[in-house]
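Structure assessment
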Amino acid sequence: MDLRAYDVGAFLSMTDKMTEENILRMFQDTAERRGEEACLRYKRGGLWRSLSWTETLNEVQILSEALKKIGVRSGDRVALLSNTRYEWTLLDLAILSLGAVTVPIYHSSLPEEAKHILADSGSRMICVENSTQLEKILKIRGNLSDLEKIILIEGKVMGDGILTMEEFKALGEGEVSDFGSRIRQIGLDRTATLVYTSGTTGPPKGVMLTHANIAYEVIADEKTFPVDPGDISLMFLPLAHILARVIQFYQLRIGFTHAYAESIDKLLEDIGEIKPHFMVSVPRIFEKIYTKVMNDVESGSSFKKNIFYWALEVGKEHSAYVLKGQAIPTGLKIRYALATKLVFSKLHKKLGGRIRFFVSGGAPLAKEIAEFFHAAGILILEGYGLTETTAAINLNLPNMMKFGSVGKPLPFVEEKIAPDGEILVRGKMVFQGYWNKPEATREAIDSEGWFHTGDIGEFDERGILRITDRKKDIIVTAGGKNIAPQNIENLLKTNPIFSQIVVHGDRRKYLTALVTLNPDEVKSRANGLGMTYKNYSDLVASPEVHEMVKKVIDEKNQNLAKYESIKRFAVLDKDFSIESGELTPTLKVKRKVINERYKDIFDGLYSE
């Protein structure tokens, strides 16, 4: 077994001091230290507004009192169904301040998905963003015996037992708070959050993360990529995702300013206005920027193309020296300065002009994209982690980078490669188990405390990790969404026209599918339409059959979240078989074989 462990010797003597505070105490200490400096920024009515650290702490105390007033107690689960906004952070901290447990739900979740999470967690209360999210909960409320209260952040109240944000906050105003003494009593071993993650075949499981898990993750981040309290970062990732959540807590410990983007659609506009010093993102954003740049280049004149590609070659040459830590020749310095002035400066300006680095996570970043940005003088630090590891456990560093890798392990993390190539992790950030699922917990964490990630990887001679495969079938899209393909495939296969379906989309911007059909069923439908055909191959290639399949997929998509829906598909003229090596002896699809064998077809489904 190959073993890599971060050298934590320098940290061990500091461990007790660094972790004696839970995440609430970290926040309070920072708020008292930063005072009237800007903590949170958000846009309302076309204008950017700010909450100081003092105001943020006061708002959290009011919300904490309100929660206590309506009966939330230590250990209670309180759900949050909202897009990323500053109120999300305030409510999260207020929930945690009572020793209660925050249960995030993606704002894109369907009612049935939300019902599973609320029922499984036994959430007593839910905070919803607006009327759209409220309608989801009202559809399923009758099936949720534990759910007592609904808090509506904005929008129109529809039904009983619902409080507006204003009504809710009024309950906590004017109270004498025991906030300080209360948060000091919250132990590091206390569960802070249940984050539900996709299962391969069954419903999502609640990952139990403690205050200690989060505290150690934040400290590891601080020691790995320190930022200045005077910095500003733009938050746009969904706070239901553990990566965004950890960056939220990182900010609350360090004291820099967080601005909340209006939306993904307005992200570049917000970046231009906020001018962040660093940002955490998912690969899809970098892909969009890269595509836009390349499209602009290709639509330009030959003269502009020549200048761009000259600059790019100069940038790559410069990048190679930087990565090796070698002195840059004077001639190259001059050429690179010219390339930056003529070409790269435009990209820097679009990204606000102050970006020192990006952190990319949630899904693998294409090597070519990372190389392009680095050539342009923009640093992207790619990392690796899972919900079960409280986000990052590996990260590339400015002085230890390797494109196509996820970097070295963070402090407080041990990693080793099992005989079958699986990456195993042990350390302070590894979760406590799955909520109410002891068997699943035992399957994930062995008797020696090693968490089995389900990913296949290898270390190079410097201890840098590269992910080579995924042992489990979870798809991670370019947007960072974790999707269990078997759930979608099983849903689609409920229609008799289908024999086999393989959903594809790892590192891609949307899902596609490779389909094989039931010959008897498709022939029956074709005969019913009076179709004539020479053979089965001609039949499945016909526009009429394509439309049949499309109609069924479109119908099934109505039962899926937008990011889970199938956007494009291809139909094969023969089924998968054991003999061809595409099915196991128990008739399970060999996903890796299919993805490799039909790579050209899948690539074609993503061509514009």
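Values in this document were obtained by computation on a predicted structure and should not be read as measured data.

Overview of the pattern of salt bridges
Counting across every chain of the model gives 31 salt bridges. For Glu317, the salt bridge identified is with Arg335, shortest N-O distance 3.4 Å. Of this pair, Glu317 sits in helix 14 (residues 302-324) while Arg335 sits in helix 15 (residues 330-350), placing them 18 residues apart in sequence. Between Glu414 and Arg426 there is a salt bridge; the shortest N-O distance is 3.2 Å. Pair noted here: Glu414 is in strand 18 (residues 413-417) and Arg426 is in strand 19 (residues 422-427), with a separation of 12 residues, a long-range link. In this structure, a network of salt bridges that share partners links the residues Lys43, Glu262, Lys266, Glu269 and Glu273.

Digging into unusual backbone geometry
For Asn436, which is not a glycine, the phi torsion comes out positive at approximately 60°. In this structure, Arg507 takes a positive phi of about 70° despite not being glycine. Positionally, Arg507 belongs in the loop between strand 25 (498-504) and strand 26 (511-517).

Concerning helix 15
Between its first and last C-alpha atoms helix 15 spans 28 Å; for 21 residues at 1.5 Å apiece the expected length is 30 Å, and the two agree. The largest bend along helix 15 reaches roughly 60° and is located at Phe344. Among all positions in helix 15, only Leu332, Tyr336, Ala339, Val343, Phe344 and Leu347 are buried. Against the buried residues of helix 15 lie helix 13 (283-298), helix 14 and helix 16 (367-375). In the stretch just after helix 15, Gly352 is the one whose phi turns positive, near 95°.

Digging into the pairing of strand 18
Burial within strand 18 is extensive, with 4 of its 5 residues counted as buried. For strand 18 and strand 19, the ladder comprises 5 bridges, and the chain directions are antiparallel. Looking across to strand 19, one finds that Glu415 is bridged to Val425. Hairpin connection from strand 18 to strand 19: 4 residues lie between these consecutive antiparallel strands, with Gly421 at a positive phi of about 95°.

Focus: the packing of aromatic side chains
Scanning the entire structure with this criterion turns up 17 aromatic pairs. Summarising the aromatic geometry, the rings of Tyr216 and Phe412 are spaced 5.0 Å apart at their centres and angled 75° between planes, so their arrangement reads as edge-to-face. Separated by 196 residues along the polypeptide, Tyr216 in helix 10 (residues 211-224) and Phe412 in the loop between strand 17 (408-409) and strand 18 bring together distant segments of the chain. Take Tyr216 and Phe412: they sit in the same class, and that class is buried. Joined through ring pairs, the aromatic side chains of Phe225, Tyr250, Phe256, Phe278 and Phe357 make up one cluster. Stacked on the ring of Tyr434, the Lys or Arg Lys205 has its end atom at 4.9 Å from the ring centre. Against the face of Tyr563 rests Lys481, its NZ or CZ located 4.6 Å from the ring centre.

Some details on the sheet that holds strand 27 (residues 566-571)
The strand order 25-26-27 describes an open sheet built from 3 strands, whose pairing is mixed. With partners counted over all chains shown, the strands left at the sheet margins are strand 25 and strand 27, one partner each. Between one strand axis and the next, the sheet turns by 25° as a mean value, whatever way the strands run. Against the sheet, helix 18 (residues 485-492) touches strand 25, strand 26 and strand 27, its axis set at about 150° to strand 25.

A few points about the side chain of His277
Tracing the backbone shows His277 in the loop between helix 12 (267-274) and strand 13 (278-281). Sequence-distant contacts of His277, that is, excluding residues within four places in its chain, are made with Gly230, Asp231, Ile232, Arg354, Ile355, Arg356 and Phe357.

Overview of the packing of helix 5 (residues 86-97) against helix 11 (residues 242-254)
Axis separation between helix 5 and helix 11 bottoms out at 12 Å; the angle between their running directions is 80°. As summarised for this structure, helix 5 and helix 11 are arranged roughly perpendicular, according to the angle between their axes. Residue-level inspection shows Trp88, Thr89, Asp92, Leu93 and Leu96 of helix 5 in contact with helix 11, the latter providing Arg245, Gln248, Phe249 and Leu252. Its residues placed into classes, the contact of helix 5 with helix 11 shows 5 nonpolar, 2 polar and 2 charged.

Section: a nonpolar patch on the surface
There is a patch of nonpolar side chains on the surface, built from Trp310, Leu338 and Leu342 and spanning about 250 Å² of accessible area. Tracing the chain through its elements places Trp310 in helix 14. In this structure Trp310 comes out as partly exposed when scored by relative accessible area, which is 33%.

Quick look at the packing of helix 4 (residues 53-69) against helix 8 (residues 165-172)
Following both chains from N to C, one finds helix 4 and helix 8 inclined at 90°, their axes separated by 7 Å at the closest point. Taken together, the axis directions place helix 4 and helix 8 in an arrangement best described as roughly perpendicular. Across the interface between the two elements, Glu59, Ile62, Leu63, Glu65, Ala66, Leu67 and Lys69 of helix 4 pack against Met165, Phe168, Lys169, Leu171 and Gly172 of helix 8. In terms of residue class, the contact of helix 4 with helix 8 is made up of 7 nonpolar, 1 polar and 4 charged.

Some thoughts on the confidence of the model for the chain
Taken residue by residue, the chain gives an average pLDDT of 90. The fraction at 70 or more is 95%. This model gives residues 1-17 a pLDDT under 50, and the stretch forms 32 contacts once residues within four places in sequence are excluded.

Observations regarding the nonpolar core
Among the nonpolar cores identified, the biggest contains 137 residues, and Phe168, Phe225, Leu234, Leu347, Phe373 and Phe431 are the most heavily contacted of them. If we skip the residues at most four places from it in the chain, Leu234 touches Trp48, Ala259, Tyr260, Ala261, Leu267, Asp270, Ile271, Ile274, Pro276, Phe278 and Met279.

Here we look at the pairing of strand 10 (residues 205-210)
Burial analysis of strand 10 places 6 of its 6 residues in the buried class, which makes it a mostly covered element. Side chains Lys205, Val207 and Leu209 of strand 10 all project onto a buried face; the interleaved residues Gly206, Met208 and Thr210 project onto the opposite face, where all are buried too. Pairing of strand 10 with strand 20 (residues 433-434) involves 2 bridges; the strand directions are antiparallel. Residue Val207 lies in a different strand from strand 20, and its bridge partner there is Tyr434.

What counts and how
- Residues numbered from 1 in each chain as written.
- Predicted model: local features only at pLDDT ≥ 70, side-chain atom pairs only at ≥ 80, totals over all residues.
- Heavy atoms only, no water.
- Salt bridge = Lys/Arg side-chain N within 4 Å of Asp/Glu carboxyl O.
- Helix = DSSP H or I, 4+ residues; strand = E, 2+ residues; numbered from the N terminus.
- Expected span 1.5 Å × (residues − 1).
- Bend = angle between axes of the 7 residues up to and from the residue.
- Buried < 20%, exposed > 50% of the residue type's maximum accessible area, 1.4 Å probe, protein only.
- Contact = heavy atoms within 4.5 Å.
- Pairing = 2+ DSSP bridges.
- Phe/Tyr/Trp six-rings, centres within 6.5 Å; stacked < 30°, edge-to-face > 60°.
- Lys NZ or Arg CZ within 6 Å of the ring centre and 35° of its normal.
- Axes fitted to C-alpha atoms, helices over the stretch in contact; angles between N-to-C directions.
- Parallel < 35°, antiparallel > 145°, perpendicular 65-115°, else oblique.
- Nonpolar A, V, L, I, M, F, W, Y, C, P; charged D, E, K, R; others polar.
- Patch = residues over 30% accessible without salt bridge, like charges linked within 9 Å, V, L, I, M, F, W, Y side chains within 5 Å.
- Areas by Shrake-Rupley, 256 points an atom, 1.4 Å probe, with all protein chains shown as cover.
- pLDDT = per-residue confidence, 0-100.
- Core = buried A, V, L, I, M, F, W, Y, C linked by side-chain atoms within 4.5 Å.

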